[in-house]
Amino acid sequence: MASHDIPIGSTQVSLTALNERSREIFRQIVESYLTTGEPVGSRNLSRKLALSLSPASVRNVMSDLEQLGLIWAPHTSAGRLPTELGLRFFVDALMEIGDVTEQDRKSIEAQVATAGAAKSFETVLTEASQLLSGLTRSAGIVLTSKTTTRLKHVEFVRLEPERALAVLVAEDGTVENRVLNVPAGLPTSSLTEAANFLNARIRGKTLAELRAELERTVEQGRAELDALTQKIVAAGFASWSGGGADERQLIVRGHAHLLEDLRAVEDLERVRSLFDALETKRGVIDLLGRAEQADGARIFIGSENKLFSLSGSSTIVAPYRDGAGRIVGVIGVIGPTRLNYARVIPMVDYTARVVSRLLSG
């Protein structure tokens, strides 16, 4: 289900490096951190372990784990915390990923379905992002492409002898207007003919699907349009497709959850750094774009991605697909590195699949 950005082999740590005792102590350190965010010491660990080990024996194992780079001590006399490498190792090799509870499944399906009834693609994604934020107590994020909007109607309106307004209406009710330059002396009938030609093919298609169909039609010589009308159609597409950055949209919901459970000034600085990173949307879009190649949920922990290295944040995202099975965006969460990975990973993956089913409608 989950894929990661850095393969375990590159960490030079493997399960064979840890015996059963070491694995159990390491697991307890990580699970304690994910639950409390606090370091855990050898005395507390010896009480929690099913194995009968003295605090001194536990300290020896902790020393070995520290040598491997899996844990570290924030202060000389403090307990230990997992490093980012340790968290990655835990997620990839030791963690048992749970399943989405029946209650969470019903909640996800119901809210996404309700949003879908509004016939707005953006509403579905916004609700899904808000939903994930609430369920995981993190910030919900969605990266989508504006080209996934389903179209309904197009119209060309002359403004001046050499300018016309192209009006594109989507099924969700959104309207996009663009001004086109048109050839001098273009008859109004060419604008009407271009609109009729597109409207005969447009309903229910995305801009990309419509473009592909028209290209096939022209190649096969079935487009009964004169040269001027073809120019209008081409100009309309050029204006609607916009620029590269304009075609991607980032939705972030639930920032407030990131302010919960702050324990120190460092935590506040970490969250402030994360907010700054989220404001530079271009970087977030580039990061999430990398996740579109994954089959399931993808996990970025701490400095594994440069964008969030200062904030010490983790990102869990999964791609969602359109009716043709094409990946059209990603959905997930951003939160502290002590996310409940075992619960959040399947939840993100399931939400992405529910959104995909709705888009396949």
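The rules behind the values
- Residues numbered from 1 in each chain as written.
- Predicted model: local features only at pLDDT ≥ 70, side-chain atom pairs only at ≥ 80, totals over all residues.
- Heavy atoms only, no water.
- Helix = DSSP H or I, 4+ residues; strand = E, 2+ residues; numbered from the N terminus.
- Buried < 20%, exposed > 50% of the residue type's maximum accessible area, 1.4 Å probe, protein only.
- Contact = heavy atoms within 4.5 Å.
- Areas by Shrake-Rupley, 256 points an atom, 1.4 Å probe, with all protein chains shown as cover.
- Pairing = 2+ DSSP bridges.
- Core = buried A, V, L, I, M, F, W, Y, C linked by side-chain atoms within 4.5 Å.
- Axes fitted to C-alpha atoms, helices over the stretch in contact; angles between N-to-C directions.
- Parallel < 35°, antiparallel > 145°, perpendicular 65-115°, else oblique.
- Nonpolar A, V, L, I, M, F, W, Y, C, P; charged D, E, K, R; others polar.
- Left-handed = near helix turned anticlockwise from the far one by under 90°.
- pLDDT = per-residue confidence, 0-100.
- Phe/Tyr/Trp six-rings, centres within 6.5 Å; stacked < 30°, edge-to-face > 60°.
- Lys NZ or Arg CZ within 6 Å of the ring centre and 35° of its normal.

Caption draft 1: Up close: the overall build of the chain. When you go through the chain residue by residue, the secondary structure sums to 12 helices and 11 strands. Expressed as a percentage of the 361 residues in the chain, the buried residues total 45%. Put simply, of all contacts in the chain between residues at least 6 apart along the chain, 65% involve residues at least 24 apart. Approximately 17,200 Å² of the chain is accessible, and the part contributed by carbon and sulfur atoms is 49%.

Caption draft 2: Seen up close, the pairing of strand β6 (residues 163-170). For strand β5 (residues 151-160) and β6, the ladder comprises eight bridges, and the chain directions are antiparallel. Its bridge partner being in β6, Leu 151 is matched across the sheet by Ala 170. Taking the residues that link successive antiparallel strands as the turn, the β5-β6 hairpin has two residues. Relative to strand β7 (residues 175-181), β6 runs antiparallel, the two sharing seven bridges. Each residue of the ladder has a partner; that of Val 169, found in β7, is Val 175.

Caption draft 3: Quick peek at the nonpolar core. Counting residues in each nonpolar core, the largest one holds 56 residues, and the members touching the most others are Ile 25, Phe 26, Leu 65, Ile 108, Ile 316, Tyr 320 and Tyr 341. With nine residues, helix α12 (residues 341-360) is the single largest residue contributor to this core. Not counting the four nearest positions on each side in its chain, Ile 316 is found in contact with Ala 297, Arg 298, Ile 299, Ile 331, Gly 332, Val 333, Leu 339, Tyr 341, Val 344, Ile 345 and Val 348. Residues Leu 151, Leu 191, Leu 207 and Leu 210 belong to the second largest nonpolar core, which totals 20 residues.

Caption draft 4: Summary view of the sheet that holds β6. With respect to topology, three strands assemble into an open sheet ordered β5-β6-β7, the strand pairing being antiparallel. Each having just a single partner strand, β5 and β7 make up the two edges of the open sheet. Looking at each pair of strands side by side, their axes are set apart by 20° on average, direction ignored. Helix-sheet contacts for helix α7 (residues 188-202) involve β5 and β6, and the interaxial angle to β5 is about 170°.

Caption draft 5: Representation of the side chain of Ser 42 within the structure. Counting through the fold element by element, Ser 42 comes out in helix α2 (residues 42-48). Look at Ser 42 and you get buried, because its relative accessible area is 11%. With sequence-adjacent residues up to four places away left out, Ser 42 is seen in contact with Pro 55, Val 58, Arg 59 and Met 62.

Caption draft 6: Spatial organisation of the packing of helix α1 (residues 20-36) against helix α3 (residues 55-67). Running from N to C, α1 and α3 point in directions that differ by 85°, and their axes come no closer than 10 Å. Taken together, the axes of α1 and α3 are roughly perpendicular relative to one another. Along its contact with α1, which presents Arg 21, Ser 22, Ile 25, Phe 26 and Ile 29, the element α3 presents Val 58, Val 61, Met 62 and Leu 65. Split by residue class, the contact of α1 with α3 holds seven nonpolar, one polar and one charged.

Caption draft 7: View of the packing of helix α6 (residues 121-136) against α12. At a minimum axis distance of 11 Å, the contact between α6 and α12 shows a crossing angle of 165°. The pairing of α6 with α12 is recorded here as roughly antiparallel in orientation. Two packed elements cross with a definite hand, and for α6 against α12 that hand is right-handed. Touching Phe 121, Val 124, Leu 125, Ala 128, Leu 132, Leu 135 and Thr 136 of α6 are Arg 343, Val 344, Met 347, Val 348, Thr 351, Val 355, Leu 358 and Leu 359, all from α12.

Caption draft 8: Focus on the confidence of the model for the chain. Looking at the chain, pLDDT values average 81 and 80% of them are 70 or higher. Low pLDDT, under 50, characterises residues 3-10; the stretch is placed with 21 contacts to residues that sit more than four places away or in other chains. This model gives residues 242-246 a pLDDT under 50, and the stretch forms five contacts once residues within four places in sequence are excluded.

Caption draft 9: Region of interest: the packing of aromatic side chains. Scanning the entire structure with this criterion turns up one aromatic pair. Summarising the aromatic geometry, the rings of Phe 26 and Phe 89 are spaced 5.9 Å apart at their centres and angled 45° between planes, so their arrangement reads as tilted. Residue Phe 26 is found in helix α1, and its partner Phe 89 is found in helix α4 (residues 84-94); the two are separated by 63 residues along the sequence. Taking relative accessible area as the criterion, Phe 89 reaches 2% and is therefore assigned buried. Between the NZ or CZ atom of Arg 105 and the centre of the ring of Tyr 350, over which it lies, the distance is 4.7 Å.

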